Amino acid sequence: MQQDRHHTDMVAARRIVVLTGAGISAESGIRTFRASDGLWEDHKVEDVATPEGFAANPVAVHQFYNDRRRLLLNASIRPNPAHTALARLEHSVIDLPGHDFLLITQNIDNLHERAGSRALVHMHGELLKMRCEQSGLSFDIREDLMLDTCCRCCREPGNLRPDVVWFGEIPLSMAKITKALTQCDLFIAIGTSGNVYPAAGFFELAREHGAHTVELNLESTNADFDEHICGPASTVVPDYVERLLSSAN
Ligand SMILES: [Zn+2]
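Everything numeric in this text was worked out from a predicted model, so none of it was measured.

Caption draft 1: Region of interest: the pattern of salt bridges. Evaluation of the coordinates by the stated rule reveals nine salt bridges. A salt bridge links R70 to D144; its shortest N-O distance comes to 2.4 Å. Of this pair, R70 sits in helix α5 (residues 58-73) while D144 sits in the loop between β7 (138-140) and β8 (160-164), and the two are 74 residues apart along the sequence. Judged by relative accessible area, which is 23%, D144 ranks as partly exposed. Two residues, K129 and E126, come together in a salt bridge whose shortest N-O distance is 3.3 Å. One continuous salt-bridge network, built from bridges that share partners, spans E204, R207 and D224.

Here it is in C-alpha cells:
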C-alpha cells in the first residue's frame, strides 16, 4: 500500500518539472549564497546581490561577478553525474507523445547546459550573460565586465549589469514556470530547501494541481513532499532517474 502511494513511474509521469538549487552545483565546486549566515563567498548579499548594492558600488559588484565568472570558466569546474542524469531524463521523455519536461534552475552557472539540458529556464539569470539597463537586452559574456565596457546595443559605457536576478527583483520566466507547474504530474526538487521560497511555492502549486512531489536533498526538509530521498545529488539523482526510466520499459 505504501509502495503504491510512494512509487513514481513514467506511465503516470507524463509532464515533469524539475527545480534545482545550489545543492546540485555544490559537488561541482561552486559555492553560492548561504542563507545560514547571509554570506556569498565572504561577501554580504546586500552588497553584491541587490540593486542598492550595485548602485552604491558598481565596481565592487562587477568585480564580484567577474570573479564568479572566472571560476565557472575554470577547467576544473564541470557538470557532475546529477546534471548529466537530468539531461538524460529530458532526452528520454521529451519526444514521447503527450510528455513534457521543464528544468527550472535557481543556479546562475551553465552546468545544466554543459551536461546537455535544453528545456531549461534560469529563473535567477545567468553568470555568462550581461544585460543592458537601457534596452533590457541580454548578451553573452565570458570576459570581465567593467564599468567602462561599451554596450553592444547603445554603444555607450555604463549601461551594463550582470544578467542576474538580485534580491528584491522578480525572477525570470515566471509565466512559463507557473504554467508548467499547474500542468505537471511529477514535480522534483533537487538541492533546494522545500521550506523557503521559491521551492516551497512551486511545490505547493504543483501539489494543488495534483502532481506527485519528490525532493532529493542532502538532508530532508520538513516540507510535505510525497517522497523524500536523501543523499548527495551526484548519487541520488542518477539513481532516481534510472528508476524512473526503467519503470517506463
Ligand atoms: Zn545597450
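Caption draft 2: Spatial organisation of the nonpolar core. Core analysis: the biggest nonpolar cluster contains 26 residues, and I16, I188, I190, L216 and V237 have the highest contact counts within it. Counting only elements with at least two residues in this core, the list comes to β1 (15-20), α6 (81-93), β4 (100-105), β9 (186-190), β10 (212-217) and α10 (233-248). Ranked by residue count, the leading element in this core is α10, at seven residues. Setting aside residues no more than four positions away along its own chain, I190 makes contact with V18, L19, T20, G21, I24, L86, L216, N217, A233 and V237.

Caption draft 3: Inspection of the domain arrangement of the protein at higher detail. When its domains are assigned, the protein resolves into domain 1 (2-29 + 79-124 + 171-248) and domain 2 (39-76 + 128-164). Placing the centre of domain 1 and that of domain 2 at their C-alpha centroids yields a distance of 29 Å. Contacts between the two partners involve seven residues from domain 1 and, on the opposite side, six residues from domain 2. Of all residues in domain 1, the largest losses of buried area upon contact with domain 2 belong to I108, N110 and H124, amounting jointly to 61% of the total for that side. Run the count over domain 1 and domain 2 and you get zero salt bridges. For the pair domain 1 and domain 2, the interface holds zero residue pairs in polar contact (both at pLDDT 80 or more). Residues of the side of domain 1 that touches domain 2, tallied by class, amount to two nonpolar, three polar and two charged.

Caption draft 4: Main features of the coordination of the zinc ion. Distances from the zinc ion to its protein donors, namely C132 (SG), C151 (SG), C153 (SG) and C154 (SG), fall within the range 2.2 to 2.4 Å. With four donor atoms in place around the zinc ion and angles of 95 to 134° between them, the coordination shape is tetrahedral. Spacing between the donor residues of the zinc ion along their common chain follows C-x18-C-x1-C-C. The exposure class of C151 is buried, given its relative accessible area of 2%.

Reading the values: rules and limits
- Residues numbered from 1 in each chain as written.
- Predicted model: local features only at pLDDT ≥ 70, side-chain atom pairs only at ≥ 80, totals over all residues.
- Heavy atoms only, no water.
- Salt bridge = Lys/Arg side-chain N within 4 Å of Asp/Glu carboxyl O.
- Helix = DSSP H or I, 4+ residues; strand = E, 2+ residues; numbered from the N terminus.
- Buried < 20%, exposed > 50% of the residue type's maximum accessible area, 1.4 Å probe, protein only.
- Core = buried A, V, L, I, M, F, W, Y, C linked by side-chain atoms within 4.5 Å.
- Contact = heavy atoms within 4.5 Å.
- Domains from an automatic or database assignment.
- Buried area = accessible area lost by both parts, 1.4 Å probe.
- Polar contact = N/O pair within 3.5 Å; in protein donor to acceptor, adjacent residues only side chain to side chain.
- Nonpolar A, V, L, I, M, F, W, Y, C, P; charged D, E, K, R; others polar.
- Donors = N, O, S within 2.8 Å, 3.2 Å for Na, K, Ca; no water.
- Tetrahedral: all angles 85-135°; square planar, octahedral: opposite > 155°, others 65-115°.

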